[in-house]
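Each chain is listed here by its residues.
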2 protein chains.
Amino acid sequence: MSIQKPSLPKGTRDFGPAQMVRRNYILDTIKATFRLFGYQQLETPSMENLSVLTGKYGDEGDQLLFKILNSGDFLKKVKGEDLGKGAAHVLPKVAEKGLRYDLTVPFARYVVMNRNDITFPFKRYQIQPVWRADRPQKGRYREFYQCDADVVGTDSLICETEILLMIRRVFAALGLNNYDIKINNRKILTGISEVIGEPGKEGELCVAIDKLDKIGWEKVQEELAQRGFEGKSIQKLTPIIDLKGDNNEKLAYLKDFLAESEEGLKGVSELEEVFTILAEFGENQEHVDFDVVLARGLSYYTGAIFEVKVNHVSIGSVSGGGRYDNLTGVFGLEGVSGVGFSFGVDRIYDVLDELGLFPEDDMHSSSVMIGYFDEKGRDYGLKVLNSLRKAGLSAEIYPDAAKVKKQFNYADKKQIPYVMMIGDNEIAEHKVALKNLKTGEQEMHTLEEAIGIIKAS
Amino acid sequence: MSIQKPSLPKGTRDFGPAQMVRRNYILDTIKATFRLFGYQQLETPSMENLSVLTGKYGDEGDQLLFKILNSGDFLKKVKGEDLGKGAAHVLPKVAEKGLRYDLTVPFARYVVMNRNDITFPFKRYQIQPVWRADRPQKGRYREFYQCDADVVGTDSLICETEILLMIRRVFAALGLNNYDIKINNRKILTGISEVIGEPGKEGELCVAIDKLDKIGWEKVQEELAQRGFEGKSIQKLTPIIDLKGDNNEKLAYLKDFLAESEEGLKGVSELEEVFTILAEFGENQEHVDFDVVLARGLSYYTGAIFEVKVNHVSIGSVSGGGRYDNLTGVFGLEGVSGVGFSFGVDRIYDVLDELGLFPEDDMHSSSVMIGYFDEKGRDYGLKVLNSLRKAGLSAEIYPDAAKVKKQFNYADKKQIPYVMMIGDNEIAEHKVALKNLKTGEQEMHTLEEAIGIIKAS
């Protein structure tokens, strides 16, 4: 074995102790909310058969799938003439499996494979890494966590409303309060394309309108024209783009605007029902913003569409989702309606970091460290240590009789708040000297007193 | 997109809600213990550069690494003539990355890359999946979780002793009490090979002796002979193989047996020190069994060796580890001694399942479900639901006004212990009818009373 300077694959990261504490803080908050709402956890394998993954994410997605080389002699199906036919031709001969690209397709596969054992409606949450061979850049990684909750097997709009409640609960728990949950309905977009005179083109309308925030209305008009929308159709969109007012005012306008579209009116009425259910919960519409140009470009949404934006931070969009009516159809199970959403954990991490919202008590390290000068101190310290842990306190002993400064340095760097140094006095008096590293105060206590002080701090 | 019957890659598994609850029960118990002992969490990427992984696990390990096909045109470095040279020749041209094979090598890489920021001694735990292209068989998977704790940067034997304490704490918390923590020391094995007249052959001695449980002493003697051990050397081993008695008696015998081996005596004295420290902790030697033929075949152990066996179950060995003196040397950082161990989560799961030791309250689903007959009931139910969650109870409402039987069926299958059906009476009286699904009892209560009953149950 030669000596190497090790490195990480590009687009991947280690999460050291300080980062793990912060990530767990976010994930624990989200998990607690999912559970409070009756969602149950699922985990699927990191690898899926390429037949399950391919064709589900569009051509670009297929390119971004990480493929796993077949084990053993991966060349056994490759002939000389195959090489000239290119990578796409050779791929199925050398790779059968790929890494999970999102949590939605594996979830659909799980539902189909376990349809006879699952109690529907099935409320599941899933928190696992996914992999994409994207070009790495700031805030975009090749391995990152997704954090999804979905209900399948019901079209009840209670589910949509509960998504609003879950998002608000998580954000409140994380101390985030300047954000908007944008909500729209795919049927409204369908209705709009009908009433402007471009029926059946809501897909293209979505793709173009989705860019409104980034490129502005003028450029969106150009794109629509390029996509074959007529000038007078595009003109008819203007009041929609300019739409102002509170949720009820916008709904009222849309009802009028979409009067000729049955589908569009259905979208409006679904959205109204969500607001009605919200009121029945005894909850207000705070943070909830009906955004008629929210499209999210994803063709599989059929009803509600959500997106959460945190205001005044560099990375805005931290959560999104929607209702789909045919998630499992591609695997042969038709008619399963569902609605789901996803928290972007990495982005929430960056937002909390940017806003300074992580709790201060960060390292989640031991509550107390025992130090000592000599073997006699160690022996006494080990018994104290055992008692501290039996009292439920995370505790450790410095493993060597090192210089006192070194021992304190260790506690300091690990952000351990208390140190007990064991010397002859402490042993003789059957007490411990408890030093608070933040204040620098040190006092002699009985062990019971010291445990009480540490627990109360 | 054509319709497919989806399947899972062989050797991989989904973990549905019931399994996740049980897995989390095990992992939470282990995590709590690691934290109590001052260990901090680390996560490393699923992918590592093949240069980091290759050559660390022996030839067989290299074969079992899952390799990831380079993104884009993976054939661009492959020429026609390469094909004839075989898979091993082509591999480095088509794959640069592989999936994590264990947690030890990524940990060593992390330590080396972050040596200037880490506070030593560094106590880390890591719980993540690993992947091996093993032939799948009962109890052996291609994706499985490892659960490691290591301390690096100290050779204090307090660390070895704390491993014994952590194992005992985890097993006690899981209700496991018929098991042995076998402990040995690599230096004792070195000493034995010296005093039987085969110095320097402790590696081969370990490999052969490691099979004692499986193939018996007779076959081990044959294997030793094949490996070039002389007959009289093998004869000298007999009293070691037959060694009986408690830990102190065995240590006394070994001191005598190894009198001529400095290294062997050092091993004995390290083991004695571990027992001394255990006593200083105020702890007895329960479950701890000095096993002079424990070898674990792993060449990188240099001091203590551990293995935990649960008695009277089909899968015995559920945890193991040891001390190593040169884990990071291969990455250019010499002289970092460490000791670590690993819990086999899948095996512990199977053992608890076999022994019926999982807690009964299994599904970790909602504590209460609200049902209703009509829209009026739903409206009232939604307010009740909101109050239940605000009181911290996991709760859900059946999303549709389905038949009562269907609603109860759902609660039953999800093992939800309580149901509140909302009818006109409940609304008129401002009460809820709380049904205990286990006993079948149903009583009217105020909401506050009902919350109290559910919380107390």
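Because the structure is a prediction, the values reported are computed rather than measured.

(A) Structural view of the sheet that holds strand β14 (residues 418–422) of chain B. Residues and elements named next belong to chain B. Taken in spatial order, the five strands of this open sheet run β13-β12-β14-β15-β16, and their pairing is mixed. Looking at strand neighbours, the two that pair on one side only are β13 (395–397) and β16 (442–445), the edges of this open sheet. Each neighbouring strand pair of the sheet contributes to a mean axis angle of 25 degrees, computed without reference to strand direction. Two elements, strand β15 (residues 432–436) and β16, share four bridges in a ladder whose sense is antiparallel. If you follow Leu434 over to β16, its bridge partner there is Glu443. Across the sheet, helix α15 (residues 375–390) is in contact with β12 (368–372), β13, β14 and β15; its angle to β13 comes to roughly 170 degrees.

(B) Main features of the domain arrangement of chain A. Structurally, chain A comprises domain 1 (17–46 + 101–355) and domain 2 (368–456). Each of domain 1 of chain A and domain 2 of chain A was reduced to a C-alpha centroid, and the two centroids are 51 Å apart.

(C) Structural view of the environment of Ile118(B). Residue and element names in this part refer to chain B. On the secondary structure map, Ile118 appears in the loop between α6 (104–113) and β5 (122–131). According to the relative accessible area criterion, Ile118 is buried, its value standing at 11%. In this structure the C-alpha to C-alpha distance between Ile118 and Asp412, which are 294 residues apart in sequence, comes to 51 Å. Excluding residues that lie within four positions of it along the chain, Ile118 makes contacts with Tyr110 and Val111.

(D) View of the interface of chain B and chain A. Taken together, the contact between chain B and chain A spans 112 residues of the former and 113 residues of the latter. Counting the surface lost from both chain B and chain A, the interface buries some 9300 Å², and carbon and sulfur atoms represent 58% of this. When the area that chain B buries against chain A is broken down by residue, the three leading residues are Gln40(B), Glu280(B) and Arg389(B), summing to 7%. For the interface between chain B and chain A, the tally reads twelve salt bridges. Our enumeration of links across chain B and chain A arrives at 40 residue pairs in polar contact (both at pLDDT 80 or more). Among the elements that line the side of chain B that touches chain A, the one with the most residues is α15(B), at eight residues. Residue composition of the side of chain B that touches chain A, by class: 53 nonpolar, 30 polar and 29 charged.

(E) The arrangement of the sheet that holds strand β15 (residues 432–436) of chain A in detail. All names here are of chain A. Here we have five strands laid out as an open sheet, ordered β13-β12-β14-β15-β16, and mixed in their pairing. Either end of the sheet is taken by a strand with one partner, and the two such strands are β13 (395–397) and β16 (442–445). Taken over all neighbouring pairs, the strand axes of this sheet differ in orientation by 25 degrees on average, direction set aside. One ladder, built from five bridges, connects strand β12 (residues 368–372) with strand β14 (residues 418–422); its direction is parallel. Bridge pairing in β14 places Val368 opposite Tyr418. Of the strands in this sheet, β12, β13, β14 and β15 are in contact with helix α15 (residues 375–390), which crosses β13 at around 170 degrees.

Calculation rules
- Each chain carries its own residue numbering, running from 1 in the direction its sequence is written.
- Each chain is given a letter, starting from A, and each ligand a number, starting from 1, according to the order in which they appear as written.
- Where local features are concerned, this predicted model is filtered to residues with pLDDT of at least 70; where side-chain atom pairs are given and counted, the filter is 80 or more; whole-chain, interface and lining totals use all residues.
- Side-chain measures were taken over the full set of non-hydrogen atoms in the model, leaving aside hydrogen atoms and water.
- Think of it this way: DSSP has to see at least two bridges between two strands before they count as a pair.
- Secondary structure counts use DSSP, requiring at least four H or I residues in a row for a helix and at least two E residues in a row for a strand, with both numbered from the N terminus.
- Only the stretch in contact is used when fitting a helix axis, every axis being a line fitted to C-alpha atoms; angles between N-to-C directions are given from 0 to 180 degrees.
- In what follows, a contact means two residues having at least one pair of non-hydrogen atoms within 4.5 Å.
- Delimitation of the domains relies on an automatic or database domain assignment.
- Only protein chains enter the area calculation, which uses a 1.4 Å probe; residues under 20% of their type maximum are buried, those over 50% are exposed, and those in between are partly exposed.
- Here the quantity called buried area is the accessible surface, traced with a 1.4 Å probe, that two parts lose on coming together, added over both.
- For salt bridges, the criterion is a side-chain nitrogen of Lys or Arg within 4 Å of an Asp or Glu carboxyl oxygen.
- Pairing of N or O atoms within 3.5 Å defines a polar contact, subject to two protein rules: one partner must be a possible hydrogen donor and the other a possible acceptor, and residues neighboring in sequence count only if both atoms are side-chain atoms.
- Think of it as three bins: nonpolar holds Ala, Val, Leu, Ile, Met, Phe, Trp, Tyr, Cys and Pro, charged holds Asp, Glu, Lys and Arg, and polar takes everything else, Gly as well.

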